[in-house]
Amino acid sequence: MKGVVISVFVVLAMVQFMVKPGEAAVSCDQVNGFLASCIPYLTSGAGNPTAQCCDGVGKLQKIAVTTADKQAACNCVKQAAARFPTIKEDAASSLPAKCNVQVNFPISKNTNCQE
């Protein structure tokens, strides 16, 4: 059992070193998964986002820590939004506030993610 625990710690340490400083650890698959339940709200713009949607926005905020993470998440949001032309821009930009989550980048199709 002791060997298994040590192996787990070694693997975790290796994973930490594989992510270089300044390199994003956020994937578009993660971002898409977190925001998938928001699509009905974002395309209708009516009412309020679901609790599941807001939970995803909160998870997105927690994983986008570094500047590189925020830029990667922002680019993923833009790519996802491009696949849904009916997304309402005002619903997208107000999503974090409606979920009471402060995301440190705008959720928008038109954001410059490098700023």
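Refer to the structure printed above.
The rules behind each value
- The written sequence of each chain sets the order in which its residues are numbered from 1.
- Reporting in this predicted model follows two pLDDT cut-offs: at least 70 for local features of residues, and 80 or more for side-chain atom pairs to be given and counted; totals over whole chains, interfaces and linings ignore these cut-offs and use all residues.
- Side-chain measures here rest on the full set of heavy atoms in the structure, leaving out hydrogens and waters.
- Numbering of helices and strands starts at the N terminus; helices are DSSP runs of H or I of at least 4 residues and strands are runs of E of at least 2.
- Only protein chains enter the calculation, and the probe is 1.4 Å; a residue is then buried if its accessible area is under 20% of its type maximum, exposed if over 50%, and partly exposed in between.
- Residues are treated as being in contact if the distance between any of their heavy atoms lies within 4.5 Å.
- All accessible areas in this document rest on Shrake-Rupley with a 1.4 Å probe, and a residue is counted as covered only by the protein chains that are shown.
- Angular values range over 0 to 180 degrees, each being the angle between N-to-C directions of two axes fitted as lines to C-alpha atoms, with helices fitted over their stretch in contact.
- When describing relative orientation, an angle under 35 degrees is termed roughly parallel and one over 145 degrees roughly antiparallel, while 65 to 115 degrees is termed roughly perpendicular and anything else oblique.
- The hand of a helix crossing depends on one turn: near helix anticlockwise from the far one by less than a right angle means left-handed, and clockwise means right-handed.
- Two residue types count as positive, namely Lys and Arg, and two as negative, namely Asp and Glu; His and chain ends fall outside the count.
- Salt bridge, as used here, is a side-chain nitrogen of Lys or Arg placed within 4 Å of a carboxyl oxygen of Asp or Glu.
- Counting of polar contacts relies on pairs of N or O atoms within 3.5 Å, with two restrictions inside protein: one atom must be capable of donating a hydrogen and the other of accepting it, and residues adjacent in sequence are counted only when both atoms are side-chain atoms.

S.K.: Lay out the overall build of the protein in plain terms, naming residues and giving numbers.
M.R.: Check the secondary structure of the protein and you find six helices and zero strands. For the protein, with 115 residues in total, the buried portion stands at 32%. In the protein, the proportion of contacts linking residues at least 24 apart, taken out of those at least 6 apart, comes to 75%. Accessible surface computed for the protein: about 7200 Å², of which carbon and sulfur atoms make up 60%.

S.K.: Describe the packing of helix H2 (residues 28–35) against helix H5 (residues 67–82), listing the residues and the values that go with them.
M.R.: The interhelical angle for the contact between H2 and H5, taken along N-to-C directions, is 60 degrees, at an axis separation of 9 Å. When the axis of H2 is compared with that of H5, the two are oblique. For the element pair H2 and H5, the recorded crossing hand is right-handed. For the pair H2 and H5, contact is made by Cys28, Val31, Asn32 and Leu35 and by Ala73, Cys76, Val77, Gln79 and Ala80, respectively.

S.K.: So what about unusual backbone geometry? Which residues, and what values?
M.R.: Despite not being glycine, Asn100 shows a phi value in the positive range, around 55 degrees. Tracing the sequence through the fold places Asn100 in the segment after helix H6 (89–98). Residue Asn100 is classed as exposed on the basis of its relative accessible area of 74%.

S.K.: So what's going on with the environment of Phe34? Which residues, and what values?
M.R.: Its place among the elements puts Phe34 in helix H2. C-alpha of Phe34 to C-alpha of Lys59: the two residues are 25 residues apart in sequence and 6.8 Å apart in space. Ignoring any residue separated from it by four or fewer positions in sequence, one finds Phe34 in contact with Cys53, Gly56, Val57, Lys59, Leu60 and Ile63.

S.K.: Break down the side chain of Asp69 for me, citing the residues and quoting the values.
M.R.: Tracing the backbone through its elements, the reader meets Asp69 in helix H5. One buried charged residue, Asp69, remains without a salt bridge, the closest side chain of opposite sign being Lys70 at 8.4 Å. A polar contact is formed between the side chain of Asp69 and the backbone nitrogen of Ala25, at a distance of 2.8 Å.

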